[in-house]
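# Structural overview
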Amino acid sequence: MKKILLLLVAGLLSYVVSIVLLAPLGIALKHIPIPSDLRLGVADGLLWRGELTTVQYQDLPRLQQLKWEIQPKSLLKGELAIEWSTKLLGGMINGNCAI
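Predicted, not measured: the structure shown is a model, and the values here were computed from it. (Residues numbered from 1 in each chain as written. Predicted model: local features only at pLDDT ≥ 70, side-chain atom pairs only at ≥ 80, totals over all residues. Heavy atoms only, no water.)

Bridge analysis of strand β3 (residues 49-57) against strand β4 (residues 63-71) gives 6 bridges, and the strand direction is antiparallel. From the neighbouring strand, T54 faces β4, where its bridge partner is Q64. Hairpin connection, β3 to β4: the antiparallel pair is bridged by 5 residues, and Q58 has positive phi, about 50°. (Pairing = 2+ DSSP bridges. Helix = DSSP H or I, 4+ residues; strand = E, 2+ residues; numbered from the N terminus.)

Structure below.
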């Protein structure tokens, strides 16, 4: 009985994680509270791999074509690693971050 319950919980957890990560970005952003001074452009893609045409916070320079992709291998190590890139002030910036 415990084995069946454990399998059900694992299956339900993987189902919920899949729904969240594979949700269209535009729909997901409607359910995430965003500060009023943060302006987001058109969203495309998924939470897993997506793009925003523009991002601007208060009077800071505007980011253009912000793209990101979550690195699946990092999840196996218990980390959340993201590879990202954006255009800023006529140049291109890219990087990686991990939590």
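Before going further, it helps to examine the pairing of strand β6 (residues 91-98). Bridging between strand β5 (residues 81-88) and β6 involves 8 bridges; their strand directions are antiparallel. Each residue of the ladder has a partner; that of E83, found in β6, is N96. With antiparallel pairing between neighbouring strands as the criterion, β5 and β6 make up a hairpin whose turn holds 2 residues, including L89 at a positive phi of roughly 50°.

What follows is about unusual backbone geometry. In this model, Q58 sits at a positive phi of 50°, which is unusual for a non-glycine residue. Within the fold, Q58 resides in the loop between β3 and β4. At Q65, a position not held by glycine, the phi torsion is positive, near 50°. Checked against the element boundaries, Q65 lands in strand β4. For Q65, a relative accessible area of 33% gives the class partly exposed. (Buried < 20%, exposed > 50% of the residue type's maximum accessible area, 1.4 Å probe, protein only.)

Such coordinate-based values are descriptive only and should not be taken to indicate function.
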